[in-house]
Amino acid sequence: QRTSLLPKLYFLHGFLGDVQDWNEVIKRLPEYECHALKYPFKLPKDGILIGYSMGGRIALGSSLPKIVISGHPGLQTEEQKELQVEKENYWIEKLKSVPLQEFLHEWYAQPLFTSLRQNPLFPKLLERRLKQDPLELIDQIKRHSLAQQPYMPQNAYFIHGAYDQAYKELYKKLDIPSYEIPKAGHACHIENPAEVARQIKILINKIN
């Protein structure tokens with residue numbers, strides 16, 4: 001039974017993602033009014049934002065309360081930003097020069113996605129990713145460049161997967177409190193949706 005007293009939840013997918021990425025999490029939050037937003041996101045005026053990776057970084061720019069899953073709070077040094085620009089340019093060139101299938105193969109070969117690649121749902125997810133438009137993806141990288149993003153960890157709760165060493169260490173190093181999802185890597189909303197939904201409920205109670 002939904003009650004109007006509960007906040008509305010708005011879900012923002014990551015780079016390469018789509019609204020279906022949130023199906024299993026939303027299914028486990030029946031008491032809430034949930035909206036999985038499609039990129040380009042039109043952010044609401046009220047409610048709670050729940051964003052994964054790029055979606056989490058976009059959510060950080062909003063004044064609404066937010067839950068960020070495997071999202072970067074922003075780079076702090078010029079050196080980090082320069083390295084990031086190189087990385088982003090590399091992927092942009094890839095999208096321009098190779099078939100999408102080849103791009104996806106290389107993108108998901110990154111250590112960040114090791115546990116996702118081993119997930120039985122991965123082939124289906126890849127199938128959905130193949131429907132993406134490379135020009136739109138280039139636009140996403142440019143528009144939401146991590147190199148250009150201000151550092152803004154405030155007014156947000158952060159979540160990371162237990163197998164995601166990179167983000168586990170990042171949050172620790174930046175002294176950002178973070179909640180760990182067991183048996184999951186970077187894409188923990190796909191790898192362990194039940195635990196992510198449970199953690200979302202706990203954090204909503206903290207926000208409220």
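The coordinates are above.
Residues numbered from 1 in each chain as written. Predicted model: local features only at pLDDT ≥ 70, side-chain atom pairs only at ≥ 80, totals over all residues. Heavy atoms only, no water.

## Looking at the packing of aromatic side chains
Okay, step 1: With the rule as written, the count across this model stands at 13 aromatic pairs.
Okay, step 2: With 4.9 Å between their ring centres and 70° between their planes, Trp-91 and Trp-107 make a pair best called edge-to-face. One end of the pair, Trp-91, is in helix 3 (residues 78-97); the other, Trp-107, is in helix 4 (residues 100-108), and 16 residues separate them in sequence. The same class applies to Trp-91 as to Trp-107, namely buried.
Okay, step 3: With a centroid separation of 5.1 Å and an interplanar angle of 70°, the aromatic rings of Tyr-108 and Phe-113 are classed as edge-to-face.
Okay, step 4: By relative accessible area, which is 7% here, Phe-113 ends up buried.
Okay, step 5: Grouped by ring-pair contacts, the aromatic residues Phe-15, Tyr-90, Trp-91, Phe-103, Trp-107, Tyr-108, Phe-113 and Phe-122 constitute a single cluster. (Phe/Tyr/Trp six-rings, centres within 6.5 Å; stacked < 30°, edge-to-face > 60°. Helix = DSSP H or I, 4+ residues; strand = E, 2+ residues; numbered from the N terminus. Buried < 20%, exposed > 50% of the residue type's maximum accessible area, 1.4 Å probe, protein only.)

## Some words on helix 7 (residues 134-143)
Okay, step 1: Buried within helix 7 we find Leu-137, Ile-138, Gln-140 and Ile-141. Viewed along the axis of helix 7, the buried residues span an arc of 160°, placing them on a single side of the element. Among the exposed residues of helix 7, those pointing more than 90 degrees away from its buried face are Leu-135, Lys-142 and Arg-143.
Okay, step 2: Looking at the packing, one finds that the buried side of helix 7 touches helix 2 (54-60), helix 3 and helix 4.
Okay, step 3: Regarding helix 7, its N-cap is Asp-133, as a side-chain oxygen of that residue lies 2.9 Å from the backbone nitrogen of Leu-135 further along. (Arc of directions from axis to C-beta. Contact = heavy atoms within 4.5 Å. Polar contact = N/O pair within 3.5 Å; in protein donor to acceptor, adjacent residues only side chain to side chain.)

## Side note on the nonpolar core
Okay, step 1: Ranked by size, the top nonpolar core spans 51 residues in total, and within it Leu-9, Phe-11, Leu-29, Ile-50, Phe-103, Tyr-108 and Ile-200 carry the most contacts.
Okay, step 2: Residue contacts for Ile-200: discarding those within four places in its chain leaves Leu-9, Phe-11, Val-25, Leu-29, Ile-50 and Ile-67.
Okay, step 3: Membership of the second largest hydrophobic core comes to nine residues, among which are Leu-60, Val-68, Met-152 and Leu-174. (Core = buried A, V, L, I, M, F, W, Y, C linked by side-chain atoms within 4.5 Å.)

## A look at the pattern of salt bridges
Okay, step 1: Under the defined criterion, the tally for this structure stands at 12 salt bridges.
Okay, step 2: With a shortest N-O distance of 3.2 Å, Glu-106 and Lys-94 are connected by a salt bridge. Here Glu-106 is found in helix 4, whereas its partner Lys-94 is found in helix 3, with 12 residues between them in sequence.
Okay, step 3: What you see here is one network of salt bridges that share partners, running through Asp-18, Asp-21, Arg-128 and Arg-129. (Salt bridge = Lys/Arg side-chain N within 4 Å of Asp/Glu carboxyl O.)

## Looking at the packing of helix 4 against helix 6 (residues 122-129)
Okay, step 1: Between helix 4 and helix 6, whose axes approach to 10 Å, the crossing angle comes to 135°. Taken together, the axis directions place helix 4 and helix 6 in an arrangement best described as oblique. Where helix 4 crosses over helix 6, the handedness of that crossing is right-handed. Between helix 4 and helix 6, the residues in contact are Leu-100, Leu-104 and Tyr-108 and Phe-122, Leu-125, Leu-126 and Arg-129, respectively. (Axes fitted to C-alpha atoms, helices over the stretch in contact; angles between N-to-C directions. Parallel < 35°, antiparallel > 145°, perpendicular 65-115°, else oblique. Left-handed = near helix turned anticlockwise from the far one by under 90°.)

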